[in-house]
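Chain by chain, the residues run as shown.
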Amino acid sequence: MDAREVSLLALNDCQRQGGWSDAILKKRLASAKLDSRDGALATQLCFGVLQNRLLLDFYLSHFSKLPLKRMEGKVAEALRLGAYQMLFLDKIPHSAAVNGSVELTRKHCRNPRAAGMVNGVLRNLERSLDELPAIPQTSPEKYLTTRYSHPEWLVKEFISAIGTEETAQLLAVNNERAPITAMVNTTKTTALVLASTLEGEGVTVQPHPWLADCLLLSRTGNLERLTAFQKGLFYIQDPASKLAVLALDPEPGMRVLDCCAAPGGKSFAAAIRMEGRGEVISCDLHPHKKKLIQAGADRLGLTNISSMTADGKIFRSEWKDAFDRVLVDAPCSGLGVIRKKPDIRYKNPAPLAGLPEVQRAILDVAAGYIKPGGVLLYSTCTLLRRENEGVVEGFLRDHPTYKVETFTLPEPIGSVSDGMVTLWPHRQGTDGFFLCKLRKEGVKPFG
């Protein structure tokens, strides 16, 4: 099985099963046992097709008499794979792209005539690469929808928030791969020592341009096989998530609750910032995620983390006024992490309408866990105002003992004077993320 076949089967799984592409692809790669080079190509092909699906379908529709939606799923994916390689990958000969898709169709598709159709459509596209059909510009949102393969409803949301020009920049960045960022476990090592250790294992390492104890990694291969990973010298986390913990500002000796913690990165960051002193209770609704969090804490040697299963919407009386810091990284639409989950943009938006109610319920419960003078940090990995500022505004109306509080993050963000900030991938280079710091009235010290 080669890279093209793995990507075809992963794309078909995404369409049929509705799962997330990153998890599906990881499973397919493990099963195929590709080497690192072919694994990287399979990932590029799978993500590339997902990132550009609407644009690929627009072009293919001009060369196919049969609409893609009426084709067998694997036939449509074979066409998209071939088109993506010809349109976006300069190092792959067009003949290899076409022949590869034809062979995949012949091997995996039921209709014996499908391979001939795929060959004809892709050959017609190849002959027209210098004069591709123009994308209609009847409106900015329709053009951007096709050009950057984001659904029109989402494009309209972004235009409303940041304008047409910035939306185009955001969508372009969403179609790039997010960098791999490693956070240094400073309870065990330093950034300089870790960088040297990783380089010794063949990894390319650069310091993050503005976040301390953060390294940019490339040429990693399988991260979990690295000795530095197995020794717990680092964990993978986007800078935006680390910034949430910096805003929370846990101190050594404090008692901290992470309400919706899986996979555990913010709990790890808090425990490390607390220098292993105090307590971090790291919760998730699902038992298997509790095990995932605990395994990560054990690997990192963070003995001040306790993982447990808990529903953030159900109040626990034993936790009333019991914590110095509470982090609510609420379940959300995830539209700030499209770079990592490119298919999330295509999910049905209807169920998203109920998310603010869930987020607010968790926030209301968490508010009862904080000591007077303590901090509640609300965060999401989405860019939709109704899940971010809208939830906070409603919370503040009903909880007069809480006030937003100014906090400061590393430049280029700096001082957040109104206590709320949205991070945008095209501005800060992080995941799309929302942070709000809330202080409960009172002066009771921690401990």
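Here we take up the nonpolar core. One recurring pattern in soluble globular proteins is that nonpolar side chains are buried together. Among the nonpolar cores identified, the biggest contains 41 residues, and Cys 46, Leu 60, Leu 79, Leu 81, Leu 122 and Leu 125 are the most heavily contacted of them. Broken down by secondary-structure element, the contributors of at least two residues to this core are α1 (3–17), α2 (21–32), α3 (36–51), α4 (53–61), α5 (73–88), α6 (94–108) and α7 (114–127). Top element by residues in this core is α5. It accounts for 8 residues. Beyond its immediate stretch of four places on either side in the chain, Cys 46 contacts Ser 7, Ala 10, Leu 11 and Leu 25. Counting residues in hydrophobic clusters, the runner-up holds 35 residues, among them Ile 272, Ile 305, Val 416 and Leu 435.

The buried count for strand β14 (residues 433–440) comes to 7 of 8 residues, which makes it a mostly enclosed element. In this sheet, β14 lies alongside strand β9 (residues 370–380) in antiparallel orientation, the contact comprising 6 bridges. If you follow Leu 376 over to β14, its bridge partner there is Leu 438.

With that out of the way, let us pick up the packing of α5 against α7. Look at α5 against α7: their axes get within 10 Å of each other, and the N-to-C directions meet at 25°. Relative to α7, the element α5 is oriented roughly parallel. Taken as a pair, α5 and α7 cross one another with a handedness that is right-handed. Contacts between α5 and α7 pair Val 75, Leu 79, Gly 82, Ala 83 and Met 86 from the former with Ala 114, Met 117, Val 118, Val 121, Leu 122, Leu 125 and Glu 126 from the latter. Each residue belonging to the contact of α5 with α7 can be placed in one class, and the counts come to 10 nonpolar, 1 polar and 1 charged.

Below, the discussion takes up the packing of aromatic side chains. Aromatic ring pairs are described here by two measures, namely the spacing of the ring centres and the angle between the planes. Tallied over the entire structure, the rule returns 10 aromatic pairs. Taking the centre distance of 5.4 Å and the plane angle of 85° together, the rings of Trp 319 and Tyr 369 count as edge-to-face. Of the two residues, Trp 319 is situated in the loop between β7 (305–309) and β8 (323–329) and Tyr 369 in the loop between α15 (355–367) and β9; the sequence distance between them amounts to 50 residues. With respect to class, Trp 319 is no different from Tyr 369; both count as buried. If you follow Arg 53 out to its NZ or CZ, it ends over the ring of Tyr 346, 3.9 Å from the centre. One cation-aromatic arrangement involves Arg 177 over Phe 47; the distance from NZ or CZ to the ring centre is 4.2 Å.

So, how was this worked out
- Residues numbered from 1 in each chain as written.
- Predicted model: local features only at pLDDT ≥ 70, side-chain atom pairs only at ≥ 80, totals over all residues.
- Heavy atoms only, no water.
- Core = buried A, V, L, I, M, F, W, Y, C linked by side-chain atoms within 4.5 Å.
- Buried < 20%, exposed > 50% of the residue type's maximum accessible area, 1.4 Å probe, protein only.
- Helix = DSSP H or I, 4+ residues; strand = E, 2+ residues; numbered from the N terminus.
- Contact = heavy atoms within 4.5 Å.
- Pairing = 2+ DSSP bridges.
- Axes fitted to C-alpha atoms, helices over the stretch in contact; angles between N-to-C directions.
- Parallel < 35°, antiparallel > 145°, perpendicular 65-115°, else oblique.
- Left-handed = near helix turned anticlockwise from the far one by under 90°.
- Nonpolar A, V, L, I, M, F, W, Y, C, P; charged D, E, K, R; others polar.
- Phe/Tyr/Trp six-rings, centres within 6.5 Å; stacked < 30°, edge-to-face > 60°.
- Lys NZ or Arg CZ within 6 Å of the ring centre and 35° of its normal.

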